[in-house]
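A closer look at the structure
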Amino acid sequence: MGDVAVGARSGHDGEEHRGHPVGAADPAADSAVTSGSDSGGADDGTRPDDHGPGDAEPAPKKPRSFWKELPILIGIALVLALLIKTFLVQAFSIPSDSMQNTLQQGDRVLVDKLTPWFGSEPERGEVVVFHDPDSWLAGEPTTDPNALQTFLSWIGLMPSAEEKDLIKRVVGVGGDTIECKGTGPLKVNGKALNETSYVYPGNTPCSVDDQGGQFKVKVPEGQIWVMGDHRQNSRDSRYNQSDANNGMVPVDKVVGRAIVIAWPINRWDTLPVPDTFDQNLNAKAAALTVAPQGLALAGVLPVALWRRRRIAAAETR
C-alpha cells in the first residue's frame, strides 16, 4: 500500500500542496489505500472479498455415497416398521378354515391396533384377533421358523410363530345373552340374527351336538363371546366353556380388529360389520320393549277396577 501512496505524490518533490504541508496525508492517496485498488484510481465498486476472473471457485460438496446412506435408510425403515407394528397395524396369517368363506387359509389380514389404545372395545359383528385365552390351541402343531421368518415377524411383516393368536367374529359383548337351539337362528338378547351373508354355505347357525353346539350363556362385563363363520368347523367359545373363562375372551386379550384382507391381491377386500348387527341388540333395549306394556297395564288396571265398582254400585240402587 505504501507504493500506492508514493505514486500519488510523484512529480512534487520538495513542494507543498496548497493548504497541506509536505508529508501530510493526501486525501486522494488515503482514498486509494482504503479502497483496496492497486491502480490508485477511483473505486470501481468491488469488495475485498470479491473473486477476480482468475480466482478459483470453492469446490462443491461431494454427495454422500449411496452405500453409506443405505444402512441409515434401513435403520429408519426398521424403526418405522416396529412403531407401526406396536401401535398401528400388524399383519396376521390365517392358518385354518374356521372363518370360511369370509377368510381363506393363507390369507393375510391387517389388524388395527391403534383404536384399542384409546379405550375402544370390540363390538358385535367385528372380526378380531386375540391371544389364546386359556389353551384353546393346546395340541395344535407349531412351526419352526427360519432366521428370515423370525426377523420379518420381529418387525411385523410376518406373524410370529411364538404368539398363540386366534381370529373369530364377535357375537356377544358384556351384558349380552347369547343362545342357539336346534339349528338356529342364533339369538342375541332374544333377537334373531340373519347370518346368511357370512356363515359358510351349507352350515347351520347352531351345531346340533352335546359338546357346546346348543347353548344359552350370559356374557360378563369386560369379556366377549366369539364364533367362527364356518360354524361346523370352528373350535370357538362354544367348545371352550370348560376353561377358566367359561368360553369367553377377556377384552384385554384382544389384539385388534381385522380391517382388510391384504394378500393375496386377488383376495383384497375390507371386513365390514354385517348389516344384521345394525339392529338394536342391546340388553337394555330388549328390557325396555317389555316395560311400556307393563306400564300401560299398571295404568289401565286401576281405571278398570274403579269403573267396575261404579257399575256394581249403580246396580244395587
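About the thresholds
Residues numbered from 1 in each chain as written. Predicted model: local features only at pLDDT ≥ 70, side-chain atom pairs only at ≥ 80, totals over all residues. Heavy atoms only, no water. Salt bridge = Lys/Arg side-chain N within 4 Å of Asp/Glu carboxyl O. Helix = DSSP H or I, 4+ residues; strand = E, 2+ residues; numbered from the N terminus. Buried < 20%, exposed > 50% of the residue type's maximum accessible area, 1.4 Å probe, protein only. Contact = heavy atoms within 4.5 Å. pLDDT = per-residue confidence, 0-100. Pairing = 2+ DSSP bridges.

Enumeration according to the criterion identifies 6 salt bridges in this entry. A salt bridge links Asp-176 to Arg-124, with the nearest nitrogen and oxygen atoms 2.7 Å apart. Taken together, the positions of Asp-176 in the loop between β4 (165-172) and β5 (177-180) and Arg-124 in the loop between β2 (108-112) and β3 (127-131) put the pair 52 residues apart, joining distant regions of the chain. Comparing Asp-176 with Arg-124, the two get one shared label, buried.

Another aspect to go through is the environment of Gly-228. Structurally, the position occupied by Gly-228 is in the loop between β9 (223-227) and β10 (249-250). Sequence spacing of Gly-228 and Asp-97 is 131 residues, and the spatial spacing of their C-alpha atoms is 9.1 Å. With residues near it in sequence (within four places) discarded, Gly-228 still touches Ser-98, Met-99, Lys-168, Ser-234 and Asp-236.

Moving on, we come to the confidence of the model for the chain. When pLDDT is averaged along the chain, the result is 76, and 60% of the positions lie at 70 or above. Per-residue pLDDT, averaged within each element of the chain, yields its smallest value for helix α2 (residues 27-35) (38) and its largest for β9 (98). In this model residues 1-43 is a low-confidence stretch, pLDDT under 50, and it forms 17 contacts with partners more than four residues away in sequence or in other chains.

On to unusual backbone geometry, then. For the bond from Gly-184 to Pro-185, the omega torsion is 10°, close enough to zero to count as cis. Looking at the element boundaries, Pro-185 is found in the loop between β5 and β6 (187-188). Of note, the amide linkage connecting Trp-263 to Pro-264 takes the cis form, showing an omega dihedral of 0°. Within the secondary structure, Pro-264 is located in the loop between β11 (254-263) and β12 (269-270). Residue Ser-135 is not a glycine yet carries a positive backbone phi of 60°. By secondary structure assignment, the location of Ser-135 is in the loop between β3 and α4 (147-154). Of the residues examined, Ser-135 reaches a relative accessible area of 52% and is grouped as exposed. In this structure, Asn-246 is a non-glycine residue whose phi angle is positive, near 60°. On the basis of relative accessible area, Asn-246 is assigned to the partly exposed category, the value being 48%.

As a further point, take the pairing of β2. Examined bridge by bridge, strand β1 (residues 89-93) and β2 share 5 bridges and lie antiparallel to one another. Bridge pairing in β2 links Ser-93 to Arg-108. Taken together, the 5 bridges between β2 and β11 define a ladder with antiparallel strand orientation. Across the sheet, residue Val-109 finds its bridge partner in β11, namely Ile-261.

Moving on, we come to the pairing of β3. Counting buried residues in β3 gives 4 out of 5 residues, a clear majority hidden from the surface. Sheet topology places β3 next to β4; 5 bridges connect them, and they run antiparallel. Residue His-131 lies in a different strand from β4, and its bridge partner there is Asp-165. Both β3 and β11 contribute to a ladder of 3 bridges, which runs antiparallel. Across the sheet, the residue bridging to Val-129 is Gly-256, located in β11.

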